[in-house]
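# Observations on the model geometry
Listed below are the residues making up each chain.
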Amino acid sequence: MNMLDVQDLSVRYGRTEAVAGVSFHVRPGDWLMIVGPNGAGKSSVVRAVAQAAAYTGRITWNGEDLRAVRPHVLARRLGVLSQNHAVGYSFTVEQVVRLGRYAWSPGLFSPQAADGEARVARALADTGLTELRGKSVLALSGGELQRVFLAQVFAQDPALLILDEPTNHLDMVYQKQIFALLEQWLQQPGRAVISVMHDLSMALAHGTGALLLDRGRPAGFGPVREVLSAENLQRVYGMDVSGWMRAQLALWQEV
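Here the structure is a predicted model, which is why all the values come from computation and not from measurement.

## Concerning the overall build of the chain
Along its length, the chain carries ten helices and ten strands. By its C-alpha atoms, the chain is 55 × 50 × 35 Å across when sized along the principal axes. Entry remark: accessible area of the chain is about 12,700 Å², with carbon and sulfur atoms responsible for 53%. Taking the average place of the 24 positive charges on the side chains of the chain and the average place of its 23 negative ones, the gap between the two points comes to 5 Å.

## Observations regarding the sheet that holds strand 2 (residues 16-26)
On the basis of which strands lie adjacent, the open sheet formed by four strands has the order 2-1-4-5 and antiparallel pairing. Of all strands in the sheet, those with a lone pairing partner are strand 2 and strand 5 (64-65), marking the two edges. The pairing of strand 1 (residues 4-13) with strand 4 (residues 56-61) spans five bridges and is antiparallel. Each residue of the ladder has a partner; that of Gln-7, found in strand 4, is Arg-58. In the packing of helix 1 (residues 42-49) onto the sheet, contacts are made with strand 1, strand 2 and strand 4, and the angle to strand 1 comes to roughly 115°.

## Some remarks on the side chain of Ser-136
Along the chain, Ser-136 falls in the loop between helix 4 (114-126) and helix 5 (142-156). Within polar-contact distance, the side chain of Ser-136 engages the backbone nitrogen of Leu-138 at 3.1 Å. Non-local contacts of Ser-136, meaning those with residues more than four positions away in its chain, are made with Ser-90, Phe-91 and Thr-92.

## Brief notes about the pattern of salt bridges
For the structure on display, the rule yields eleven salt bridges. One salt bridge connects Arg-217 with Glu-17, and the closest N-O pair in it is separated by 2.9 Å. With a gap of 200 residues between them, Arg-217 in strand 10 (residues 217-223) and Glu-17 in strand 2 connect regions that are remote in the sequence. Among the residues examined, Arg-217 registers a relative accessible area of 38% and is labelled partly exposed. With a closest N to O distance of 2.5 Å, Arg-98 and Glu-94 form a salt bridge. A residue pair is termed a helical-turn pair when its members lie 3 or 4 positions apart in one helix, as Arg-98 and Glu-94 do in helix 3 (residues 93-98) at four residues. Across the pair, Glu-94 and Arg-98 agree in class, each one buried. Several salt bridges share partner residues, and in doing so they unite Glu-94, Arg-98, Glu-117 and Arg-133 into one network.

## Topic: the packing of helix 5 against helix 6 (residues 172-186)
Where helix 5 contacts helix 6, the axes come no closer than 13 Å and their chain directions differ by 5°. Considering the angle they form, helix 5 stands roughly parallel to helix 6. Residues Arg-147, Leu-150 and Phe-154 of helix 5 pack against Tyr-174, Ile-178, Leu-181, Leu-182 and Trp-185 of helix 6. For the contact of helix 5 with helix 6, the class distribution of residues is seven nonpolar, no polar and one charged.

## Thoughts on helix 9 (residues 230-237)
Within helix 9 the residues assigned to the buried category are Asn-232, Leu-233 and Val-236. Within helix 9, the buried residues cover an arc of 95° as seen down the axis, which keeps them to one side. Check the buried side of helix 9 and you find it contacts helix 7 (200-206), strand 9 (209-214), strand 10, helix 8 (224-227) and helix 10 (241-252). Positive phi shows up at Gly-238, right after helix 9, with a value of about 70°.

## Here's the deal with the packing of aromatic side chains
As enumerated under the stated definition, the model contains three aromatic pairs in all. Where Tyr-89 meets Phe-91, the ring centres are 4.7 Å apart and the plane angle is 55°; that geometry is what we call tilted. According to the relative accessible area criterion, Tyr-89 is partly exposed, its value standing at 29%. In this structure Phe-91 comes out as partly exposed when scored by relative accessible area, which is 36%.

## Let's talk about the environment of Ala-205
Here Ala-205 shows up in helix 7. The class of Ala-205 is exposed, set by a relative accessible area of 54%. Between the C-alpha atom of Ala-205 and that of Val-224, which follows or precedes it by 19 residues, the distance is 9.2 Å.

Parameters at a glance
Residues numbered from 1 in each chain as written. Predicted model: local features only at pLDDT ≥ 70, side-chain atom pairs only at ≥ 80, totals over all residues. Heavy atoms only, no water. Helix = DSSP H or I, 4+ residues; strand = E, 2+ residues; numbered from the N terminus. Areas by Shrake-Rupley, 256 points an atom, 1.4 Å probe, with all protein chains shown as cover. Lys, Arg positive; Asp, Glu negative; His and termini not counted. Charge placed at Lys NZ, Arg CZ, Asp CG, Glu CD. Pairing = 2+ DSSP bridges. Contact = heavy atoms within 4.5 Å. Axes fitted to C-alpha atoms, helices over the stretch in contact; angles between N-to-C directions. Polar contact = N/O pair within 3.5 Å; in protein donor to acceptor, adjacent residues only side chain to side chain. Salt bridge = Lys/Arg side-chain N within 4 Å of Asp/Glu carboxyl O. Buried < 20%, exposed > 50% of the residue type's maximum accessible area, 1.4 Å probe, protein only. Parallel < 35°, antiparallel > 145°, perpendicular 65-115°, else oblique. Nonpolar A, V, L, I, M, F, W, Y, C, P; charged D, E, K, R; others polar. Arc of directions from axis to C-beta. Phe/Tyr/Trp six-rings, centres within 6.5 Å; stacked < 30°, edge-to-face > 60°.

Such coordinate-based values are descriptive only and should not be taken to indicate function.
Written out as structure tokens, the structure reads:
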């Protein structure tokens, strides 16, 4: 059964139509990669799913229209990690991560349950932030800050993670670690991931399915290796993507 269904999704910003006629679904255990060139509408799709952008069409969770879901219930279902984070407050790393647990608290100032404390500690450890837990987020690098907000959504423990370029500011070591963590996170029943990706190699390596967008329109949806075919990528990107990627790989065979 589909946990998430998106039907005929369209998103407009004023007179600009960013997304039109996009449909897809996500089942438990899926890792859907949303790919396409710059300006294809990838971030607009995930913002609409997260109820952060106005849209037409229908988005349902187990058959329930997400427009009718209360924010605290929505936060238990969807966790969102965006590309950029503007912080103007001197919270510590641990305090920011702990904010992910408020969706599960009876009230804003209610004490955290024991399992909540354990999830915060685990999220800090998994993202390599335990030693930085007392440090102000204002003193962090861009990569460290990205890991803080990833730890926050891990602590939130939603059923569906929505990640907009999740490793955009991370070096290779943490990219590998984060994708391994997401693979592990997906092993638990009833979970799924949607990722906006520019790195087609990572999309191919980790995705179970893909949604390919071209100037806001759907250009393919289905198993990742079928959608990211050489023919589809040539048509959407206007270049021999597969050939170019193979040429880059060949360079490493000479090292």
